Amino acid sequence: MDERDLINRVRAGDGSAERALYDAHVDRVYRLAYRLAGDEALAQDFTQETFIRAFAKLDTFRGDSALSTWLHTITTTVVLNGLRKVKRFHRREADLEAADGVIGGRRESEPDLKVRLREAIDALPQGYRTVFVMHDIEGFTHEEIGVALGVETGTSKAQLSRARAKLRESLADFAGEWIA
Amino acid sequence: MMMDNDENKFDQWLQDAAKTYNVPPRLAPREEMWAQIQAERALGARRVVVRRSWVRWGLAAAAVLLVGIGIGRWTVLQRSNDGTPVASGDTTGSALVYQLAATQYLSRTETFLTGFRADLRAGRGEAFPGQARDLLATTRLLLDSPAADDQRMRALLEDLELVLVQISQMEAGRDRRNADLITQDMDQRNVLPKLRSAIPAGPVPVRTQGAT
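Residues numbered from 1 in each chain as written. Chains lettered and ligands numbered in written order. Predicted model: local features only at pLDDT ≥ 70, side-chain atom pairs only at ≥ 80, totals over all residues. Heavy atoms only, no water.

Moving on, we get to unusual backbone geometry. Residue and element names in this part refer to chain B. With phi around 45°, N22 is a residue other than glycine that occupies positive phi space. For N22, the position within the fold is in the loop between helix 1 (2–17) and helix 2 (30–82). In this structure N22 comes out as buried when scored by relative accessible area, which is 13%. (Helix = DSSP H or I, 4+ residues; strand = E, 2+ residues; numbered from the N terminus. Buried < 20%, exposed > 50% of the residue type's maximum accessible area, 1.4 Å probe, protein only.)

In structure tokens:
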């Protein structure tokens, strides 16, 4: 079915069209949410919130961009706002633990590439990490990222370049692997 | 040139290696999420209706309190002008208004907290933070009113204020751990039994316009 017809049917209150729209996009939305959140429960929450907002605001979708791009804009907004709240909550918990005298023993960093890479990506500033995940991992174009994050295409490119530079620095120990 | 070549190699290597970053452990749980979306949308529609009735009730309770404060001030002024000493524990119209407002408030809060516990057990609780904020405003009005002159009532209002502050700061019903801590706190302070014993037997005496 044509996407525009589908949208019109959803706007008219057709339940089966809602489900069809959800089925067409849920996997990509969920995968993006998971890649950014790194947690199954959060990814589910963010995906659900994305579709709840999308159905509520579908009347405002003007069709200037693809529906998927519009949905990914909502997804990134929901995920980034949600992660900020989670971060604040964890900081508060950490403060409480510190006040209780609980020493949260820092995990020894493992020399494993996969672990080091994850730590390095997690340590990127939020903007760099989002662009890196969307472009290098999920395959979004800079144009799509620009629309989703509300930034210029050039900003997306610059942030990706800085993200890679930071990762190159963090992963210098593994230089042999890529030079080889 | 060599530098660019290394950078390209790194970028390529990085793109391959990064595919292992936050890989979802399973496919999107479509049915589970769809059921949740439908439930939350239905709840959202209900919440709008519920919210309207709570706003109306909050306004009505606040109006009753403000009338009480007005009558109280007028009475004090009249007595001062007459040279009559102002006694505490008076049984004038203003005291009655405060009493009625307090009774209505306690009854509402009891219903709210009972519903809060029940809905938490059922995994619901989306509307609670907003309703708690409405009740909190009335709690604070009552704390500043002669209704709080009674020490037992003041202690109860302070307990309720604490509980309502915590509920109002929950994150849209998703804060399960905090919710459990709030109910534990309520149990430790015997909030609900104290609240129930403070409500006079029989129906709530006044139903103001807009109360549901």
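There is more to say after this.
Time to look at the confidence of the model for chain B. All names here are of chain B. Per-residue confidence for chain B gives a mean pLDDT of 73; residues scoring 70 or more make up 62%. Averaged pLDDT values for the elements of chain B fall to 66 in helix 2 and rise to 85 in helix 5 (residues 151–168). Scored below 50 in pLDDT, residues 204–212 makes 18 contacts in the model with residues more than four places away or belonging to other chains. (pLDDT = per-residue confidence, 0-100. Contact = heavy atoms within 4.5 Å.)

Residue placement: A:K157 occurs in helix 8 (residues 153–170). For the pair A:K157 and A:H135, spaced 22 residues apart in sequence, the C-alpha separation works out to 9.4 Å.

Moving on, we get to the side chain of B:D11. Mapped onto the fold, B:D11 is located in helix 1. Given the relative accessible area of 15%, B:D11 is considered buried. Here A:R164 takes part through its side chain, which lies 3.4 Å from a polar atom of the side chain of B:D11. Residues contacting B:D11, with those up to four places away along its chain left out, are A:R164 and A:R168. (Polar contact = N/O pair within 3.5 Å; in protein donor to acceptor, adjacent residues only side chain to side chain.)

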